[in-house]
Amino acid sequence: MSELSLNNTESFLIELSENSSSSRKEQIIREYLQNYYQKENVQKCKDFPIDSEWINTTKPLSIHRDFKGKLVLLDFFTYCCINCMHVLPDLKFLENKFSVEDGLVVVGIHSAKFTNEKESKNIESAVKRYRISHAVLNDSEGTVWDALNIHCWPTLVVIGPNGEVLLTLQGEGYLNTLISFIEVTLKFMKEQNNLSNHSLPHIGITNELQHFKLLSFPGKVTSYCSNKTRLLAISDTGHHRILILSDTGNIQHVIGGIYSGFKDGDFTTVQFNSPQGVVFKNSLVLYVADTENHAIREVSLEKKYVKTVTGTGSQGHDMIGGKLWTEQEISSPWDVCFDKNKTILFIAMAGTHQIWGLYLADEENIFKKGKRGECKVIAGSGHEENRNNFYPHSAGFAQPSGLSYCAERNSIFIADSESSCIRELNLETGKVSAVIGGSRNPLDLFTFGDRDGVGYDVRLQHVLGVAWHDAQRKLFIADSYNHKLKSVDISKQICSTIKLDTSLNEPGGLCVLDDQILIADTNNHCIKIYDTKNLIISVLSINEFVETSTESSSSVEIIKISKNGGKLNMKITLSKSNDMLITEDSPAYWLLNFVDEQSKKLPMHDIREKLKLKSDFTIDIPKYSDKSNIFIRVNGIIYLLIFFICFVLCNFNIYNKINILIKENHYLKFKYVDDTILVYKDKS
């Protein structure tokens, strides 16, 4: 904190917020700065520790060397914290409005809450996931935190051109204050000849050439099973899209992606922003917790259309609710589930630390009474606590992030991430009770670890996913920051770790499919399957089959060949607009691989060929068994020259049509071959 008293800082902020006139705001800020610099002793920010680990910079940074003559905004955050996530769009806005050359530098100071968050590799994954482009320091020992007397997440500290601490802001919601303060302070410093316009070329995203996988940080997975239909839905969070698959892993629909936005529409034009929870109402309707759009979206698989059913696209602060449909603002919905009647969509509202409900039909139960279209709180006071209570509105949650309905108990199990425990909400009475983990002290959100046991003796670490298995009468949990899958005998409240022969990395979601537990293995960018009978784990093979597009400029020929093999000649044509040039000397390529649909193995080596707009391939097809059904996947990397700027485009697939944002208001539309080429065994 600066040497100005807290009362003076508070009165400054209050006065600033109460004045709408820009000229009056500038006067208030200038008076604040003048008074500050008249102090004989002002607090200086100590330099960053020399041995610190950094992300998004090619060299260690120094307050007094690199940032001399700059206004520096330090963001103290921990990547699990929902309030810290709410600040990230504000920081991005400020970085776009005030460049480094203008005088503003944003630096993230990651001061971990959980043990898992102290590891730089885990922070780096979070930086990629949240698309943070500024430099981030791993303050694993809290050195910078202690030096500036920080007490909570998030905290924003404005540092002056000579390292002086100008302003400290605790919590979120200060964007307008920061815009005014930074704008006026930059003017003030320039008038004092204290501002430098030097650039900092060594700061920026250092992993831009990473390999893009089919999935990017998948957050949640869900299933739907009936006599006729078996479906999976995956929230491909990092790609801002939803994938609908058959239970064998064949893609049926790609909905949205690959850039974030908030737009209703058909499956190719709809936009999401880091979606998380997904749940089927039936075989034709899916609901999505569109987390960073602060909205719930309804997906019609029949009409191939997505619409918003509640939320406005902007973060809300209402902790009561009661408005209808999209008139109701909400905050960071993280997961969704139904009870047996499917009249209420239950929402884990991480942003307000509550459980909400969207009423799809009238409900007369006294505890959860409501009318169709209402969206309102079901349980939780809104205070971030681990408080159990017979009265649902007196209970307190701490960033609930996972939900699973148990018909046997008519209750919802809740992964309460920031209190590192599992809670239960009884849907008959509204009672909220403890299951395992956490502390008996409702204000203690720091009781975490990794220990099996009974009830309160269990230690979890930022648990994000839960799934109730009806047949086995067990609750499975994704103990996210311990990178483990665990099971709970609810009748005895006994928690046990499941031994796996593979490693998980911050798994975020679970669902049940027969005797299998599907795991959204978030930081491993895949879905894993745990077979509860055979006690083995495998990776879900996602086969890139899609429906034929009527807009395709190419056709697909189905080819029959002998099971003894043969040669396959294939031609691929890629269309482009006239203002694009393929960079001839770039390492662009087509990548063909072969997959046996039944065994899910690659019977042939991958084929890599230099990418051309028109490419001819002669492929040797090997012998295969009578039961085999081989298909070919074709992917590519392309480098394009547009307006004399070279862009690297991520992997694309020839089966899909995507829009790629290259420059503001300028889209490139690609049309590819609209399906995979199937190679069938010759029946003769």
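All figures in this text were calculated on a predicted structure; none of them were measured in a lab. Here the residue numbers are simple positions, counted from 1 along each chain's written sequence. Per-residue local features are limited, in this predicted model, to residues with pLDDT of at least 70; the limit for side-chain atom pairs, both in listing and counting, is 80 or more; totals at the level of whole chains, interfaces and linings are taken over all residues. No hydrogens and no water enter the side-chain calculation; it runs on all heavy atoms of the structure.

**A closer look at the sheet that holds strand β11 (residues 265-266)**
Each pair of strands is called paired provided DSSP finds at least two bridges between the two strands. Under the DSSP-based scheme used, a helix requires at least four consecutive residues in state H or I and a strand at least two consecutive residues in state E, with every element numbered from the N terminus. The sheet built from five strands is open, its strands ordered β11-β15-β14-β13-β12 with antiparallel pairing. For this open sheet the edge positions go to β11 and β12 (278-280), each flanked by a neighbour on one side alone. Here strand β13 (residues 285-290) runs beside strand β14 (residues 295-300); their pairing, made up of six bridges, is antiparallel. The residue of β14 that forms the bridge with V285 is S300.

**Quick notes on the pairing of strand β29 (residues 494-497)**
Across two bridges, the pairing between strand β25 (residues 453-454) and β29 is antiparallel. Across the sheet, G453 pairs through a bridge with C495, a residue of β29. In this structure, the hairpin formed by strand β28 (residues 484-489) and β29 is closed by a connection of four residues, where Q493 is found at a positive phi of approximately 55°.

**Considerations on empty space enclosed by the protein**
A 1.4 Å probe that fits but cannot get out identifies a cavity on a 1 Å grid over protein atoms alone, an open set with protein on both sides within 12 Å along at least five of seven lines counts as a pocket, and a residue lines either if it has an atom within 4 Å of a point. Grid points are joined across faces, edges and corners, and a volume is the space filled by probe spheres set on the points. Evaluation of the coordinates by the stated rule reveals four cavities of 30 Å³ or more. Lining the largest cavity we find 21 residues, and of these R129, Y130, Q276, W334 and L464 sit closest to its centre. Across the lining of the largest cavity, the residue classes break down as eight nonpolar, 10 polar and three charged. Residue classes follow a fixed rule: Ala, Val, Leu, Ile, Met, Phe, Trp, Tyr, Cys and Pro count as nonpolar, while Asp, Glu, Lys and Arg count as charged, and any other residue, Gly among them, counts as polar.

**So, the confidence of the model for the chain**
How sure the predictor is of each residue is captured by pLDDT, a score from 0 to 100. Per-residue confidence for the chain gives a mean pLDDT of 84; residues scoring 70 or more make up 77%. Here a residue-residue contact requires only that any non-hydrogen atoms of the pair lie within 4.5 Å. A low-confidence stretch, residues 545-559 (pLDDT under 50), is modelled with 41 contacts involving residues beyond four sequence positions or located in other chains. pLDDT under 50 marks residues 582-586. Its contacts with residues more than four places away, or in other chains, come to 12 contacts.

**Things to note about the nonpolar core**
Only buried Ala, Val, Leu, Ile, Met, Phe, Trp, Tyr and Cys residues count toward a nonpolar core, and they belong to the same one when joined by side-chain atoms within 4.5 Å. Whether a residue is buried, partly exposed or exposed follows from its accessible area with a 1.4 Å probe, protein chains only, as a fraction of its type maximum: under 20%, in between, or over 50%, in that order. Counting 48 residues, the largest nonpolar core has F12, L73 and F181 as its most contacted members. Here this core gets eight residues from one element, more than from any other, and that element is helix α6 (residues 175-191). Once residues within four sequence positions are removed from consideration, L73 is found in contact with L91, L94, L104, V105, V106, V107, L156, V157, V158 and L178. In terms of nonpolar packing, the next biggest core, distinct from the first, is built from 22 residues, V107, V144, V157 and L200 among them.

**Looking at the packing of aromatic side chains**
Stacked, edge-to-face and tilted labels apply to pairs of Phe, Tyr and Trp rings (six-membered ring for Trp) whose centres lie within 6.5 Å, assigned for plane angles under 30 degrees, over 60, and everything in between, in that order. One pass over the structure, following the stated rule, counts 15 aromatic pairs. Plain terms: the ring middles of Y287 and F338 are 5.8 Å apart, the flat faces sit at 75° to each other, and that makes the pair edge-to-face. Placement of Y287 in strand β13 and of F338 in strand β17 (residues 333-338) is noted, with a sequence separation of 51 residues between them. Given the relative accessible area of 3%, Y287 is considered buried. A relative accessible area of 6% means that F338 is categorised as buried. Joined through ring pairs, the aromatic side chains of F76, W145, W153 and F446 make up one cluster.

**Quick look at helix α4 (residues 120-129)**
For α4, a buried count of seven out of 10 residues is recorded, marking the element as mostly surrounded by other parts of the structure. Within the span of α4, buried status applies to S120, N122, I123, S125, A126, V127 and R129. Summarising the contacts, the buried residues of α4 are in contact with β1 (53-55), β3 (104-110) and β4 (135-138). Following α4 by one or two positions, R131 has its phi on the positive side, about 55°.

**Comments concerning the state of the cysteines**
Working definition: a disulfide is two cysteine sulfur atoms within 2.5 Å of each other. According to the stated counting rule, one finds zero disulfides in the structure shown. Unpaired in this structure, C152 has its nearest cysteine sulfur neighbour in C84, at a distance of 8.8 Å.

**Looking at the side chain of D479**
Mapped onto the elements, D479 comes out in strand β27 (residues 474-479). A residue is classified by how much of its surface remains accessible, and D479, at 0% relative accessible area, is buried. Once residues within four sequence positions are removed from consideration, D479 is found in contact with D450, R459, L460, Q461, V463, K484 and K486.

**A look at the environment of T222**
Tracing the sequence through the fold places T222 in strand β7 (residues 220-225). Sequence-wise, T222 and S235 are 13 residues apart; in three dimensions their C-alpha atoms are separated by 8.9 Å.

**Details of the sheet that holds strand β9 (residues 241-246)**
In spatial order, the strands read β7-β8-β9-β10; together these four strands make up an open sheet with antiparallel pairing. Each edge of the sheet is formed by a strand with only one pairing partner; in this case those strands are β7 and β10 (251-256). Averaged over all pairs of adjacent strands, the angle between strand axes in this sheet comes to 15°, irrespective of strand direction. Two elements, β9 and β10, share five bridges in a ladder whose sense is antiparallel. Bridge pairing links L243 to V254 in β10. Angular values range over 0 to 180 degrees, each being the angle between N-to-C directions of two axes fitted as lines to C-alpha atoms, with helices fitted over their stretch in contact.

**Topic: the pairing of strand β30 (residues 509-513)**
With four of five residues buried, β30 is to be regarded as a mostly interior element. Here β30 runs beside strand β31 (residues 516-521); their pairing, made up of five bridges, is antiparallel. Opposite L513, over in β31, you have Q516 as the bridge partner. Linking β30 back to β31 in an antiparallel pair, the connection comprises two residues, with D514 at a positive phi of about 60°.

**Some remarks on the environment of G238**
The topology assignment puts G238 in the loop between β8 (230-236) and β9. On the basis of relative accessibility, which here comes to 2%, the residue G238 falls in the buried class. In this structure, the C-alpha to C-alpha distance between G238 and S274, residues 36 residues apart in sequence, is 6.1 Å. Here G238 is in contact with R131, S216 and F217, once residues within four sequence places are set aside.

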